[in-house]
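Each chain is listed here by its residues.
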Amino acid sequence: MKIRDLLKDSNPHISFEVFPPKTDAAYESVMKATEEIAALKPSFVSVTYGAGGGTSKNTVKIASHLSNDLGVTSLAHLTCVSSTKEEVHRVIEELKEQKIENILALRGDVPADGEFPLPNHYRYASELIEDIKRQGDFCIGAACYPEGHTETEHKKDDIQNLKHKVDCGVDFLTTQMFFDNNILYNFLYRIREKGITVPVLPGIMPVTNGKQMKRICALSGTVLPERFRAVVDRFGDDPKAMQQAGIAYATDQIIDLIANGINHIHIYSMNKPEIAAAIIRNLSEIVKP
Ligand code: FAD
């Protein structure tokens, strides 16, 4: 099913994310986690893609298993920064062959060393989106950044670039993680004002490893609200307590989003079915499968 059609439903829905294994040895355990997450009956499951393209075959395989064997709509991520246009075209053909209807079209992070863009490569996700549209009838999602993308100095330029990307053929957007819902509400106000009208799925990250999260936030420029920082400072050294507190914090964010009329929420479940299940349990009277 195309995600743009799922998003027409005004009841609250949750989707999850899994990432493919980097090695073949880890394949079975990722498949097991994927199946447990699929059994929670989310509206869809997204499957990430290595920026270097190295995990592409597993992204297609897992997305295909989800939609063709497990009956759960899948969203295959596709990055283009480190692949030639021909390599990217081949992956799109594979997705078509596997009847995967939804692609999250991304550029990927620019490698720290080396020329950018390389000849015969895409420069921005918007160029990839134009090509996907030429190649098939896909529902296309793209990324957005409520706190601004790190490469663009001014938020208004980032929103202008986002408007161009959406106009190239985006059906919906998924946000980078954020820990203060007011940042999302402000972002939505600003993009709607600029004429970006497609559905936006907030991306919620349940934090289960406080120290790692502080590092990720420092790199991505995500603001750590005082309330969240206190949670990490207090429970960061106790993995079980941090997990419980992280699930509670994420649940609280989700309830606030739904209370404010946002019905489709994406959870960065990171191959952790126990965390996905705990959130679904917490929302059992709010989000019905
Ligand atoms: P773009 O939309 O191309 O934007 C990149 C930068 O270029 C931005 O600063 C933008 O403002 C600027 N820009 C865009 N167009 C123009 C223009 N025409 N002129 C000037 N500047 C412009 N990474 C992975 O490797 N694998 C994944 O599976 C993955 N999944 C993700 C899922 C989500 C929901 C999100 C939010 C991010 C994900 N990422 C993933 C990370 C993403 O690849 C990086 O953030 C990357 O740096 C930007 O990708 P993009 O598609 O947003 O790029």
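Everything that follows concerns the structure shown earlier in this document.
Sequence order sets the numbering: in each chain, residues are counted from 1 along the sequence as written. It should be noted that, the model being predicted, local features are given only for residues of pLDDT at least 70 and side-chain atom pairs only at 80 or more, the latter also being counted only at that level, while totals for whole chains, interfaces and linings use all residues.

A. Here's a closer look at the overall build of the protein. Under the scheme used here, helices are H or I runs from DSSP no shorter than 4 residues and strands are E runs no shorter than 2 residues, and both carry numbers assigned from the N terminus. Along the protein, the regular secondary structure elements total 11 helices and eight strands. Its C-alpha atoms give the protein a radius of gyration of 18 Å, within 12% of the compact-globule value 19 Å for 289 residues. Dimensions of the protein, computed from C-alpha atoms along their principal axes, come out at roughly 50 × 45 × 40 Å. For the exposure call, what matters is how many other C-beta atoms sit within 10 Å of a residue's own: 20 or more marks it buried, 12 or fewer exposed, and in between partly exposed, using C-beta atoms placed from the backbone. The burial tally for the protein puts 43% of its 289 residues in the buried class. Placing a C-beta atom from the backbone of each residue, one calls two residues in contact when those atoms lie within 7 Å. Across the protein, every contact between residues at least 6 apart in sequence was considered, and the portion connecting residues at least 24 apart equals 81%. Our radius of gyration is a C-alpha quantity, and the globule rule it is checked against amounts to 2.2 Å times the number of residues to the power 0.38.

B. Structural detail: the sheet that holds strand E5 (residues 139-144). Reading around the barrel, the eight strands line up as E1-E2-E3-E4-E5-E6-E7-E8 and close back on themselves, with parallel pairing between neighbours. For this sheet, the mean angle separating the axes of adjacent strands, direction not counted, is 30 degrees. DSSP calls a pair of strands paired once it identifies at least 2 bridges connecting them. Pairing analysis gives four bridges linking E5 to strand E6 (residues 172-177), with the strands arranged parallel. By the bridge assignment for E6, Gly141 is matched with Phe172. In this analysis an axis means a line fitted to C-alpha atoms, helices contributing only their contacting stretch, and an angle means the value between N-to-C directions, from 0 to 180 degrees.

C. Spatial organisation of the site of the ligand. Nearness here is judged by the C-beta atom: place it from the backbone, and if it falls within 6 Å of a molecule or strand, the residue counts as near that partner. The environment of the ligand is made up of 23 residues, and the closest members are Thr48, Ala51, His77, Ala125 and Ala143. Secondary structure elements with two or more residues in the shell around the ligand: strand E3 (74-79), helix H5 (125-135), helix H6 (155-167) and E6. At four residues, H6 tops the list of elements feeding residues into the shell around the ligand. Classification convention: Asp, Glu, Lys, Arg as charged; Ala, Val, Leu, Ile, Met, Phe, Trp, Tyr, Cys, Pro as nonpolar; all other residues, Gly among them, as polar. Of the residues in the shell around the ligand, the class split is six nonpolar, 12 polar and five charged.

D. View of unusual backbone geometry. In the segment running from Phe116 into Pro117, the intervening peptide bond is cis, with an omega of -10 degrees. Positionally, Pro117 belongs in the loop between strand E4 (102-106) and H5. If you check the backbone angles, Lys99 has positive phi at about 60 degrees while not being a glycine. Looking at the secondary structure, you find Lys99 in the loop between helix H4 (85-97) and E4. On the basis of neighbour counts, which here come to 9 C-beta atoms within 10 Å, the residue Lys99 falls in the exposed class. Located in the positive-phi region is Met270, a residue other than glycine, with phi close to 50 degrees. In this structure, Met270 sits in the loop between strand E8 (264-267) and helix H11 (273-282).

E. A look at the packing of helix H9 (residues 226-235) against helix H10 (residues 239-259). In contact at an axis separation of 9 Å, H9 and H10 are set at 165 degrees when each is read in the N-to-C sense. When the interaxial angle is binned, H9 and H10 end up roughly antiparallel. Between H9 and H10 lies a crossing of right-handed hand. For the pair H9 and H10, the contacting residues are Phe228, Val231 and Phe235 in the first and Ala241, Met242, Ala245 and Tyr249 in the second. Here the contact of H9 with H10 is composed, by residue class, of seven nonpolar, no polar and no charged. An angle below 35 degrees is treated as roughly parallel, one above 145 as roughly antiparallel, one from 65 to 115 as roughly perpendicular, and anything else as oblique. Two helices crossing with the near one rotated counterclockwise from the far one by less than a right angle form a left-handed crossing, whereas a clockwise rotation gives a right-handed crossing.

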